[in-house]
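A structural walkthrough
Each chain is listed here by its residues.
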Amino acid sequence: MQTCVELKQEDSNQGFPWLVVAAVLLVLIPAGGWFFLSWQSGQRWQAYVSRLGTQPGIIVAQQTVRDGHFYISGLRDPLGADPQSLLSGTQVDPARVHSRWQFYQSLEPEFVLKRLTASLAPPDTVRLSIVKDRIVAEGEAADTWIDRARAAARQLSAGGPEFDISKVRDVSPEARAAEHWQAYVSRLEAQPGIIVAEQKVRDGQFYISGLRDPLGADPQSLLSGTHVDPARVHSQWQFYQSLEPEFVLKRLTASLAPPKSVLLSIVQGRIVAEGEAADTWIDRARAAARQLSAGGPEFDISKVRDVSPEARAAEHWQAYVSRLEAQPGIIVAEQKVRDGQFYISGLRDPLGADPQSLLSGTHVDPARVHSQWQFYQSLEPEFVLKRLTASLAPPKSVLLSIVQGRIVAEGEAADTWIDRARAAARQLSAGGPEFDISKVRDVSPEARAAEHWQAYVSRLEAQPGIIVAEQKVRDGQFYISGLRDPLGADPQSLLSGTHVDPARVHSQWQFYQSLEPEFVLKRLTASLAPPDTVRLSIVKDRIVAEGEAPANWINRARAAAEQLSADGVVLDVSQLRELNLAELNYLREAIQATDIFFYSGKAVPGPEQMPVLDRLADQIKEFAQNARKSGVTARFMLTGHADATGRETANVSISAARAETVRALLNKRGVAPELLLVRGAGTFEPVVPENSRTGSSTNRRVSITVSLE
C-alpha cells in the first residue's frame, strides 16, 4: 500500500509534458505555412491559365506544375495578346514560369479581318467589317482590287470565315458601261411589245436582237438618258404583232372602226365591247373574236346590243315570253320566231292572267303573234285556294289562307262542312298543296259532347291514383275502365264542371294500391302510426322518416321499407334515432314495485290500501301517456295472488277476484280499461315462502307487470 502511494506521488511531481507539445508546434507551423503558400500559388497559376484560355489567338496545349515551377506550351497568333504581358497583376512569379509558344494564324474573324486589311489595303471607298461572323466588304473599288479580294475570298473558303465582297461595286469605266447597258436591257424587257431574244457585250461593243411590235416604243429612242453610247450599240429587231391586250385593242379599233355608240376597253386582261350597234358591225366583231380565240386575249361582245329592227323586235318578244313564264297559272311549252312571225303554245289556268292582255306595253305587234293555249287547273296554292273557296263555300266562321305553301283552314264549322273539306283534302293529296283542316273545330252537338268527354278523360289521366286503361264513345254513350286507388279522387266527382252528362257515362273501376309517393305516405302513416317525435315526408319521390322513436317502432319501419323496396318505392329510415326510454323505465320500475295487499279470505283491499291505489293510478296514466307520445302502447297485467290457506281451487278464484277488484278500482280512478289485463295465479307465484304468518299476509296481494307494444 505504501509503495502505491509513493508511485502516485512520483507521477504527480513529473507534471504536463510542455516540451513535447512545443516541439510538435515548431514542426507543424512551418509545414502548414508551406502548404498554404503552395496552395495559394497553385490557385494564382490556374487563374492565369484560365485568362490565357479566354484570349482570342491563344490556344493552351499543355500546362503543368512541377517542383514549384510552372510550365506551359501552345499556339499563339502574333496579332493576339502577349502571354508574358498577361502575367501582370496575377501575382505569379515570372521567374518560375517556363513557356513555349509556337506562332500560327488564327481563323477567328477579328484576326482574319486584320490580315485582310493589311494584305488587301482597301481604298477609302471600301469598308471591311464583321457581320455575324462573316467579313463583309462594302463600297466601290477598281476591278483590280476586286479581283484581289475575290482571290482572298477563295483562299478563306477552305476553312476560315466567309469573305463577302458582293456589296463592292466595280467603278472601272468598262464596269460602269456594262451597268448602264444592263439597265437599258431591263428597260427594254419591261416595255410592252418588245421581246429581247439575245444580248451580249463583246470587245467593248453591245449587241441585242429580238422582236418588236410597230405599235410599241422604238428601242433606239429608249437609249436616251441611259448613258449608253449609241455608236457602240448594234441591234437587230424583227417586227411582229403582239397579243398583249393594249396592242390588240389598238388593232381592233383600227380594223373594226366601232361606232360612237360602242366603247372598247380592257377589263381584267379581256377586251370588252359595250353599247349598241347594227347587226353588220356585230357580225364583223364576232369574226374578229373568233380569230383572237386562237391565242390572243378574249374579245367579249356580249354587251353590244343589236339595234336593227328585227333584233329589237326579237328582244321585245323575249321580254314578253319571260313575262308569261313569270305568271302563275301559265306554262310556256314552246315559242319560236319564224319569217318575222312569233309563235307560242302552252297551258293556262282560266283563273290566271290572259296572255293576250299581257302583250300591252311590250312593243310586240299583236298581229304578228300566233298563240295556242290549252286550259288546265293549276296546282299552285293561290289557284287551289280560289277553287276550294268556290267549291266548299266556307261559312263566315272559317278562314282559308296560304301558310308556307299550305292551304290552312281555321275556325269552327258543322260536321257536314268538315266532311266535305276532308274529302277535298284527300283529293288534293295526290299532287297538289296540302289542305290542313286540323284547326277547324266541329261545333255540332255530338262533336261538342266528344270534346267535353276528352277533356274529362284528360282530367282523369292527370289525377294521381287513377289509371285509364280504356275509353271509347259508342252510340252517344261514353265508356271508361281502369284502376283507381281508394285514397285518390272519386272519378264520379270529377265529372262536375265538365259538361259531360253523368247518365251517359258507364265506368268500371278496379281498386288497386298506387305506388305514387303521396299514397304510400298515407298508408304508412295509417299502418305505422308514427309517434309525435317522427315526421314522414316526401323528398324527391322518396319517403323520408325523421326524428326519434322506440327501437320496436324503428324495426317495424325497417320491415315496411324492405317490403316497399320490392315494389320500387324508397322508404328512407336512415335519419331515425332510437328514443331514450329512461324516464319510462323509471316509472315502470316504480309501478312494478307496487303491490296491493288483502286480508285473509277477502277480495277487496282494506282502507289502508286506498292511497296506494291512488298513487298507482296516477303512475299508470302518466306512463301510458308518455308511451303513446313515444309511439308505443303500454299494457299493464294485474296478477292476483293467494296464500296457501284453504283449497287450491278457492285460492285461484279469490286471486282472480282480487285482480278484477283492483282493475275496477283503477278504472274508477281514470285508468282506461283497455290498458289493464287481469289473471289469477293462485298460490303458484308466492313472493316469499309460507313458513310464517308474515309470509302468508305478503302473498295475499295483486302485483303489476308493465309491457310495451
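Residues numbered from 1 in each chain as written. Predicted model: local features only at pLDDT ≥ 70, side-chain atom pairs only at ≥ 80, totals over all residues. Heavy atoms only, no water.

1. Notes on the overall build of the protein chain
Note the threshold: Working definition: helices are DSSP H or I runs of at least four residues, strands are E runs of at least two. Numbering for both runs from the N terminus. For the exposure calls, accessible area comes from a 1.4 Å probe over protein chains only, and a residue counts as buried if that area is under 20% of its type's maximum, exposed if over 50%, partly exposed in between. Contacts are assigned to residue pairs with any non-hydrogen atoms lying within 4.5 Å of each other. Here, Shrake-Rupley sampling with a 1.4 Å probe gives the accessible areas, and only protein chains in the shown set may cover a residue. When charges are tallied, Lys and Arg are placed among the positive residues and Asp and Glu among the negative ones, while His and the ends of the chain are skipped. Positions of charges follow a simple convention, taking NZ of Lys, CZ of Arg, CG of Asp or CD of Glu.
Along the backbone of the protein chain there are 17 helices and 28 strands. Oriented by its inertia axes, the alpha-carbon framework of the protein chain measures out at about 175 × 165 × 30 Å. Within the protein chain, buried positions represent 35% of all 709 residues. Long-range pairs, those at least 24 residues apart, make up 63% of the contacts in the protein chain between residues at least 6 apart in sequence. With an accessible surface of roughly 41600 Å², the protein chain has 53% of that area assigned to carbon and sulfur atoms. Measuring between centres, the 77 positive side-chain charges of the protein chain sit 2 Å from its 84 negative side-chain charges.

2. Some words on the sheet that holds strand β20 (residues 477-484)
Put simply, the rule reads: The pairing criterion for strands is at least two bridges between them, as found by DSSP. Orientation is described by axes fitted as lines to C-alpha atoms, over the contacting stretch for helices, and by angles from 0 to 180 degrees between their N-to-C directions.
The three strands lie next to each other as β19-β20-β21, forming an open sheet whose pairing is mixed. Of all the strands in the sheet, the pair left with one neighbour each is β19 (466-474) and β21 (505-511). Averaged over all pairs of adjacent strands, the angle between their axes in this sheet comes to 10°, without regard to strand direction. Across eight bridges, β19 lies against β20 in antiparallel orientation. Counted as the bridge partner of Gln471 is Ile480 from β20.

3. Re helix α15 (residues 610-629)
Threshold: Residue count minus one, scaled by 1.5 Å, sets the expected span of a helix.
With 20 residues, α15 ought to run about 28 Å at 1.5 Å a step, and its terminal C-alpha atoms sit 29 Å apart, in line with that. Among all positions of α15, only Val612, Leu613, Leu616, Ala617, Gln619, Ile620, Phe623, Ala624, Asn626 and Ala627 are buried.

4. A short note on helix α6 (residues 245-256)
Between its first and last C-alpha atoms α6 spans 16 Å; for twelve residues at 1.5 Å apiece the expected length is 16 Å, and the two agree. Within α6 the residues assigned to the buried category are Phe247, Val248, Leu249, Leu252 and Leu256. In this structure, the buried residues of α6 make contact with β10 (262-267), β11 (270-277), α7 (279-292) and β12 (299-306). Two residues or fewer past α6, Ala257 is found with a positive phi of approximately 50°.

5. Brief notes about a nonpolar patch on the surface
Definition in use: In this analysis, a patch consists of residues with relative accessible area above 30% that form no salt bridge, clustered at 9 Å for like charges and at 5 Å for the nonpolar side chains Val, Leu, Ile, Met, Phe, Trp and Tyr. Counted as salt bridges are all cases of a side-chain nitrogen of Lys or Arg within 4 Å of a carboxyl oxygen of Asp or Glu.
A contiguous nonpolar patch, built from Val20, Val24 and Leu28 and spanning about 270 Å² of accessible area, is present on the exposed surface. By the element assignment, Val20 lies in helix α2 (residues 18-53). Judged by its relative accessible area of 53%, Val20 is exposed.

6. Side note on the nonpolar core
Counted only if it meets this: Side-chain atoms within 4.5 Å link the members of a nonpolar core, which is a set of buried Ala, Val, Leu, Ile, Met, Phe, Trp, Tyr and Cys residues.
Residues Ile591, Ile596, Phe623, Phe636, Leu638, Val662 and Leu666 are the most contacted members of the largest nonpolar core, which totals 27 residues. Within the residue set of this core, elements represented by two or more residues are α14 (582-592), α15, β26 (634-640), α16 (648-668) and β28 (701-708). Considering every element that reaches this core, the biggest residue donor is α15, with eight residues. Sequence-distant contacts of Phe623, defined by excluding residues within four places in its chain, comprise Leu584, Leu587, Arg588, Ile591, Ala634, Phe636, Val706 and Leu708. With 19 residues, the next largest nonpolar core counts Val534, Ala560, Val573 and Leu576 among its residues.

7. Focus: the environment of Val60
Mapped onto the secondary structure, Val60 falls in strand β1 (residues 58-66). According to the relative accessible area criterion, Val60 is partly exposed, its value standing at 27%. Taking the C-alpha atoms as reference, Val60 lies 127 Å from Gly680; in sequence the two are 620 residues apart. Val60 has contacts with Leu52, Gly53, Ile72, Ser73 and Trp101, leaving out every residue within four places of it along the chain.

8. Overview of the sheet that holds strand β22 (residues 534-539)
Reading across the sheet, the three strands line up as β22-β23-β24 and stay open at both edges, with mixed pairing between neighbours. Across the chains shown, the open sheet's two edge strands, defined by having one partner strand only, are β22 and β24 (571-578). Neighbour to neighbour, the strand axes of the sheet diverge by 15° on average, direction disregarded. Helix-sheet contacts for helix α12 (residues 517-528) involve β22, β23 (542-549) and β24, and the interaxial angle to β22 is about 165°. This element, helix α13 (residues 551-565), spans β22, β23 and β24 of the sheet and lies at about 170° to β24.

9. Here's the deal with the pairing of strand β17 (residues 406-413)
Looking at chain direction, strand β16 (residues 398-403) and β17 are connected through six bridges and run antiparallel. Considered in β17, the bridge of Val398 is made with Gly411. Linking two consecutive strands that pair antiparallel, namely β16 and β17, is a turn of two residues; a positive phi of about 50° is found at Gln404 within it. Alignment of β17 against strand β18 (residues 435-442), held across six bridges, turns out to be parallel.

10. With respect to the packing of helix α9 (residues 381-392) against helix α10 (residues 415-428)
Note the following rule: Crossing chirality is assigned from the near helix's rotation relative to the far helix, an anticlockwise turn below a right angle marking it left-handed and a clockwise turn marking it right-handed. The nonpolar class holds Ala, Val, Leu, Ile, Met, Phe, Trp, Tyr, Cys and Pro. Asp, Glu, Lys and Arg form the charged class, and all remaining residues, Gly among them, are polar.
Here α9 crosses α10 at 145°, and the two axes come no closer than 11 Å. Viewed along their axes, α9 and α10 form a crossing whose handedness is right-handed. Seen from α9, the contacting residues are Val384, Leu388, Ser391 and Leu392; seen from α10, they are Trp417, Arg420, Ala421, Ala424 and Leu428. For the contact of α9 with α10, the class distribution of residues is seven nonpolar, one polar and one charged.

11. Comments concerning the pairing of strand β4 (residues 126-131)
Every other side chain in a regular strand lies on the same face of the sheet, so the side chains alternate between the two faces. Two elements, β4 and strand β5 (residues 134-141), share six bridges in a ladder whose sense is antiparallel. Note on β5: the bridge partner recorded for Arg127 is Glu138. What sits between the antiparallel neighbours β4 and β5 is a turn of two residues, in which Lys132 has the positive phi angle 50°.

12. Considering the packing of α12 against α13
Orientation of α12 relative to α13, taken along the N-to-C sense of each, is 145°, at an axis distance of 11 Å. Two packed elements cross with a definite hand, and for α12 against α13 that hand is right-handed. Judged by residue contacts, Val520, Leu524, Ser527 and Leu528 of α12 engage Trp553, Arg556, Ala557, Ala560 and Leu564 from α13. Looking at the contact of α12 with α13 residue by residue, the class counts come to seven nonpolar, one polar and one charged.

13. As for unusual backbone geometry
Among all residues save glycine, negative phi is the norm, and among peptide bonds the norm is trans. Even without a glycine there, the phi angle at Ala121 is positive, about 45°. Within the secondary structure, Ala121 sits in the loop between α3 (109-120) and β4. A residue is classified by how much of its surface remains accessible, and Ala121, at 53% relative accessible area, is exposed. Even without glycine at this site, Gln404 takes up a positive phi of about 50°. Within the fold, Gln404 resides in the loop between β16 and β17. Gln404 sits in the exposed class, given a relative accessible area of 79%.

14. Re the side chain of Ser514
Note the cut-off: We call two N or O atoms a polar contact when they sit within 3.5 Å, provided that within protein one can donate a hydrogen and the other can accept it, with sequence-adjacent residues counted only if both atoms are side-chain atoms.
For Ser514, the location among the structural elements is in the loop between β21 and α12. Among the polar contacts listed, one links the side chain of Ser514 to the backbone nitrogen of Glu516, at a separation of 3.1 Å. Excluding its chain neighbours within four sequence positions, the residues that come into contact with Ser514 are Gly465, Asp485, Phe519, Val520 and Arg523.

15. Regarding the environment of Gln84
On the secondary structure map, Gln84 appears in the loop between β2 (69-76) and β3 (97-103). Remark: the alpha-carbon pair of Gln84 and Ala23, spanning 61 residues in sequence, is separated by 44 Å. When neighbours within four sequence positions are excluded, Gln84 is seen to be in contact with Tyr48, Pro94 and Ser99.

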